[in-house]
Amino acid sequence: MKVYECCDIESVTKKIYCRECGQEITNEREVPDKGNVYSYTVIHVPPAEYAHLAPYTVALIELHNSNVKLTVRIAGEVEIGDEVELDEFVDGAYVYKKTS
Amino acid sequence: MTVYIQSVGMTKFGKAENSTLKDLMLQAAHEALQKAPGMKIDAVYVGNFMGGSLANQEILGAIVANDLGLGYIPTAKLEGACASGGIALRQGVLGILSGEYENVLVVGAEKMKHASTADVTQVINSAMDRDTSEKHAGLTFPGFFGVLANRYFYETGASKEHLAMIALKNRENALNNPLAQFQKPTTLEEILQARHITSPLGLFDCSPTTDGAAAVVLTSKPTDIKVLASSQASGPTMMQDAIDLLSIPAIRISGEQAYAKAGVGPEDIDVVEIHDCFSMTEMLAIEELGFYPKREGWRAIAEGKTKVTGEKPVNTSGGLLSRGHPIGATGIAQIVQLVHQLRGTAPNQMAKQPRLALAQNLGGTGAYSVVHILERV
Ligand SMILES: [Zn+2]
């Protein structure tokens, strides 16, 4: 997964300027898709467009070898710290699963 | 130049089946103007979030000026998600500080109860950055605070019970507020056993949908209530951009700026209205505003320090959780309660009449935060 960095702030989304130094952000690198669950919620009351998925789990993942976090949907139950990996990219969403 | 508060007005919060968005705005504004006799209003600012999408009604500023008969004065609607009211108030304050206006009417209003929960949730989601994979993952507004809550529990000694204590406190406060939406008593057990919304958050951890409006008249003419500080900050629009998930920088920075402008610190504040859109948000806000150390807010909750009878009363109105959360009105409703506290006429009036009051109004998942500090003079 591609991440963008300046002044030690890494993100999966590219900002134009770095909020620390004000320079245009040009550093990018690849990090593994794998990570650990940093936190999560189970959504029981969804917006109309995701009603067919409910209840579903949304988690914040901390990717390995970086301080980058990524918001993903996960099939099944998870706990903080669980090892997870990318399963598929569907309709603009990263869908993860527990590493078996 | 100094800005003062002349008067306030507020509708009953809840379900206003027979009132339109306009009816609600006019009712709150009329009440405030009745307590500002002879005062010529120079401008109107309206705080509103979903008038266009849910009530199919815009041009709210001009409607208020026209239907109140205020003349050909400048008006505008301000949108900043749930901080729309606070942002409108701040524009009124700035308008007077600039010297352009002497008297400004600020109104906050929302009409939500006629729509389905799925539709309201969908519209509220427009307060997140929709052009991201985070949105496509299905994260919702309450979902964001559910993720925060699980991490908070993981890093501290807090549990769902501490969130329930916040919800219970605010419900108990609302019982004495005749304008509050929820006036049915509850218990810790009922709160803990309520159905899940975005676990660990349950029904009582989430603010309701509400119809209602509130208004305030600002003036450069001295009154008994001075606006000591007005400040605003922006923050990350995505959860995955948070450097520290348990910090909401917009709250912290708007608070620090307000304290600096007012020349006071968190320890000086006597009474507080905080943006408890979720019980978890109140927990983080009492920490970010410096009332309690980071990751220690839950201890203060457990010790009852934020109750009306505690050292730092928070949300004596009932808060968003129980007073109700008509989105654009919330930032103004906070001011209504604080003005009453400072004047000694509030529901849940503090035993010792307060002198310094702080209101904090949040928009999005930390995208906006507005802080106002009021002083009784
Ligand atoms: Zn930089």
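This text follows the structure it describes.
Everything quoted here is computed from the prediction, not taken from an experiment. Starting from 1, residues in each chain are numbered consecutively following that chain's sequence as written. Here every chain gets a letter starting at A, and every ligand a number starting at 1, in the order they are written. Given that this is a predicted model, residues contribute local features only at a pLDDT of at least 70 and side-chain atom pairs are listed and counted only at 80 or more, while totals for whole chains, interfaces and linings are drawn from all residues. In computing side-chain properties, one takes all heavy atoms of the structure into account and sets aside hydrogens as well as water.

Participant: Break down the overall build of chain A for me, citing the residues and quoting the values.
Facilitator: Numbering of helices and strands runs from the N terminus; a helix is a DSSP stretch of H or I covering at least four residues, while a strand is a stretch of E covering at least two. Counting its secondary structure elements, chain A contains zero helices and eight strands. In sequence order, chain A lays out its α and β elements as β-β-β-β-β-β-β-β. Principal-axis analysis of the C-alpha atoms places the extent of chain A at approximately 45 × 30 × 20 Å. The buried label goes to any residue with under 20% of its type's maximum accessible area, the exposed label to any with over 50%, and the partly exposed label to all in between, with areas taken from a 1.4 Å probe on protein chains only. A buried classification covers 48% of the 100 residues belonging to chain A. Any two residues whose heavy atoms approach within 4.5 Å at even a single point are treated as in contact. Here the contacts in chain A between residues at least 6 apart in sequence split such that 40% fall between residues at least 24 apart. Here the accessible surface of atoms and residues is derived via Shrake-Rupley with a 1.4 Å probe, and residues count as covered only by protein chains that are part of the display. With an accessible surface of roughly 5200 Å², chain A has 46% of that area assigned to carbon and sulfur atoms.

Participant: With reference to specific residues and values, describe unusual backbone geometry.
Facilitator: That bond from Ala54 of chain A to Pro55 of chain A is cis: its omega, -10 degrees, falls within 30 degrees of zero. With respect to the secondary-structure elements, Pro55 of chain A resides in the loop between β4 (35-43) and β5 (56-63). The amide bond that connects Ser199 of chain B to the next residue, Pro200 of chain B, takes the cis arrangement and shows omega of 10 degrees. For Pro200 of chain B, the location among the structural elements is in the loop between β5 (196-199) and β6 (201-202). Although it is not a glycine, Asp91 of chain A adopts a positive phi angle of roughly 50 degrees. Of note, Asp91 of chain A is situated in the loop between β7 (83-90) and β8 (93-98). Of note in the backbone geometry, Arg295 of chain B takes a positive phi value of approximately 65 degrees without being a glycine. Considering the arrangement of structural elements, one finds Arg295 of chain B in the loop between α11 (279-288) and α12 (297-302).

Participant: Outline the coordination of the zinc ion, supporting the account with residue identities and numerical values.
Facilitator: All names here are of chain A. The donor set comprises N, O and S atoms within 2.8 Å of the metal, extended to 3.2 Å for Na, K and Ca; water molecules are omitted, so apparent gaps in a site may simply reflect that omission. Taken together, the protein ligands of the zinc ion are Cys6 (SG), Cys7 (SG), Cys18 (SG) and Cys21 (SG), with distances of 2.3 to 2.4 Å. When four donors show all angles between 85 and 135 degrees the site is tetrahedral, when four or six donors have opposite pairs over 155 degrees and all other angles between 65 and 115 it is square planar or octahedral respectively, and in every other case it is irregular. One can describe the donor arrangement at the zinc ion as tetrahedral, given that its four donor atoms subtend angles of 105 to 122 degrees at the metal. Mapping the donors of the zinc ion onto the primary sequence yields the spacing C-C-x10-C-x2-C. Residue Cys6 is found in strand β1 (residues 2-6), and its partner Cys18 is found in the loop between β2 (9-11) and β3 (27-30); the two are separated by 12 residues along the sequence.

Participant: How would you summarise the layout of surface pockets if you had to cite specific residues and measurements?
Facilitator: Using a grid of 1 Å spacing that covers the protein atoms alone, one calls a set of points a cavity when a 1.4 Å probe fits there but cannot get out, and a pocket when the set is open and has protein on both sides within 12 Å along at least five of seven lines; lining residues are those with an atom within 4 Å of a point. Grid points are joined across faces, edges and corners, and a volume is the space filled by probe spheres set on the points. Approximately 730 Å³ is the volume found for the largest pocket. Lining of the largest pocket is provided by 30 residues; of these, Leu203, Cys206, Ser207, Pro208 and Thr209 of chain B occupy positions nearest its centre. The element contributing the most residues to the lining of the largest pocket is helix α5 (residues 117-124) of chain B, with four residues. Polar here means any residue other than Ala, Val, Leu, Ile, Met, Phe, Trp, Tyr, Cys and Pro, which are nonpolar, and Asp, Glu, Lys and Arg, which are charged; Gly is therefore polar. Considering only residue class, the lining of the largest pocket consists of 19 nonpolar, seven polar and four charged. In this structure, the second largest pocket spans a volume of roughly 450 Å³. Every residue lining the second largest pocket is counted, 22 residues in all, and those nearest its centre are Ile9, Ser11, Lys15 and Arg19 of chain A together with Asp241 of chain B. Looking at the lining of the second largest pocket, the elements with two or more residues in it are β1 and β2 of chain A. Within the lining of the second largest pocket, the residues separate by chemical class into nine nonpolar, five polar and eight charged.

Participant: Explain empty space enclosed by the protein to me, and be specific about the residues and the numbers.
Facilitator: One simple way to see leftover space: roll a probe sized like a water molecule over the atoms. Residues and elements named next belong to chain B. Counted by the stated rule, this structure contains two cavities of 30 Å³ or more. Quantified by volume, the largest cavity comes out at close to 70 Å³. Around the largest cavity sit Phe144, Pro236, Met238, Met239, Ala242, Ser247, Ile248, Pro249, Thr365 and Gly366, which together line it. Across the lining of the largest cavity, the residue classes tally to seven nonpolar, three polar and no charged. By volume, the second largest cavity amounts to about 30 Å³. Among the secondary structure elements, those contributing two or more residues to the lining of the second largest cavity are α14 (330-343), β10 (356-363) and β11 (368-376).

Participant: Just give me the short version of the environment of Asp268 of chain B, but keep the residues and values in it.
Facilitator: Within the secondary structure, Asp268 of chain B sits in the loop between α10 (249-262) and β9 (271-273). Remark: the alpha-carbon pair of Asp268 of chain B and Lys312 of chain B, spanning 44 residues in sequence, is separated by 9.8 Å.

Participant: A description of the pattern of salt bridges should follow, citing residues and the corresponding values.
Facilitator: Pairing between side chains of opposite charge can happen when their charged atoms approach one another. All names here are of chain B. By definition, a salt bridge exists where a carboxyl oxygen of Asp or Glu is found within 4 Å of a side-chain nitrogen of Lys or Arg. For the structure on display, the rule yields 27 salt bridges over all chains. Here Asp42 makes a salt bridge to Lys40, at a shortest N to O gap of 3.9 Å. When its relative accessible area of 51% is taken as the criterion, Lys40 is described as exposed. Among the salt bridges present, the one from Glu303 reaches Lys305, with a minimum N-O distance of 3.1 Å.

Participant: Just give me the short version of the side chain of His372 of chain B, but keep the residues and values in it.
Facilitator: Assignment of secondary structure puts His372 of chain B in strand β11. As used in this structure description, the phrase polar contact means that two N or O atoms lie within 3.5 Å; if the pair is within protein, one of them must be able to donate a hydrogen and the other to accept it, and residues adjacent in sequence are counted only when both atoms belong to side chains. Among the polar contacts listed, one links the side chain of His372 of chain B to the side chain of Ser230 of chain B, at a separation of 2.9 Å.

Participant: Before we move on, could you go through the interface of chain A and chain B and cite the residues and values that matter?
Facilitator: At the junction of the two partners, chain A supplies 32 residues and chain B supplies 32 residues. Take the accessible area each of two parts loses on contact, using a 1.4 Å probe, and add the two losses: that sum is the buried area. Carbon and sulfur atoms make up 55% of the area that chain A and chain B hide from each other, which totals about 2700 Å². When residues of chain A are sorted by the area they lose upon contact with chain B, Tyr38, Val45 and Thr71 of chain A head the list and together hold 20% of the total. Applying the counting rule to chain A against chain B returns three salt bridges. Measuring nitrogen to oxygen at the nearest pair gives 3.1 Å for the salt bridge that ties Glu49 of chain A to Lys135 of chain B.

Participant: Tell me what's going on with the environment of Pro178 of chain B, and back it up with residues and numbers.
Facilitator: Within the secondary structure, Pro178 of chain B sits in the loop between α8 (160-175) and α9 (188-193). A C-alpha to C-alpha distance of 7.9 Å links Pro178 of chain B and Pro347 of chain B, two positions 169 residues apart in sequence.

Participant: Any details on the packing of aromatic side chains? Residues and values, ideally.
Facilitator: In this analysis, rings of Phe, Tyr and Trp, with Trp reduced to its six-membered ring, are considered paired at centre separations within 6.5 Å, and the interplanar angle assigns stacked below 30 degrees, edge-to-face beyond 60, and tilted for intermediate values. Here the structure, examined in full by the defined rule, presents five aromatic pairs over all chains. Seen in terms of ring centroids, Phe144 of chain B and Phe145 of chain B are 4.9 Å apart; in terms of plane orientation they differ by 90 degrees. Their pairing is edge-to-face. Since its relative accessible area comes to 6%, Phe144 of chain B is described here as buried. On the accessibility criterion, Phe145 of chain B (0% relative accessible area) is buried. Aromatic ring contacts, followed pair by pair, group Phe141, Phe144, Phe145 and Phe278 of chain B into a single cluster. Across from the ring centre of Tyr38 of chain A, 3.6 Å away, lies the NZ or CZ of Arg151 of chain B, which sits over that ring. The criterion for a charge sitting over a ring is simple: Lys NZ or Arg CZ within 6 Å of the ring centre, and within 35 degrees of the ring normal.

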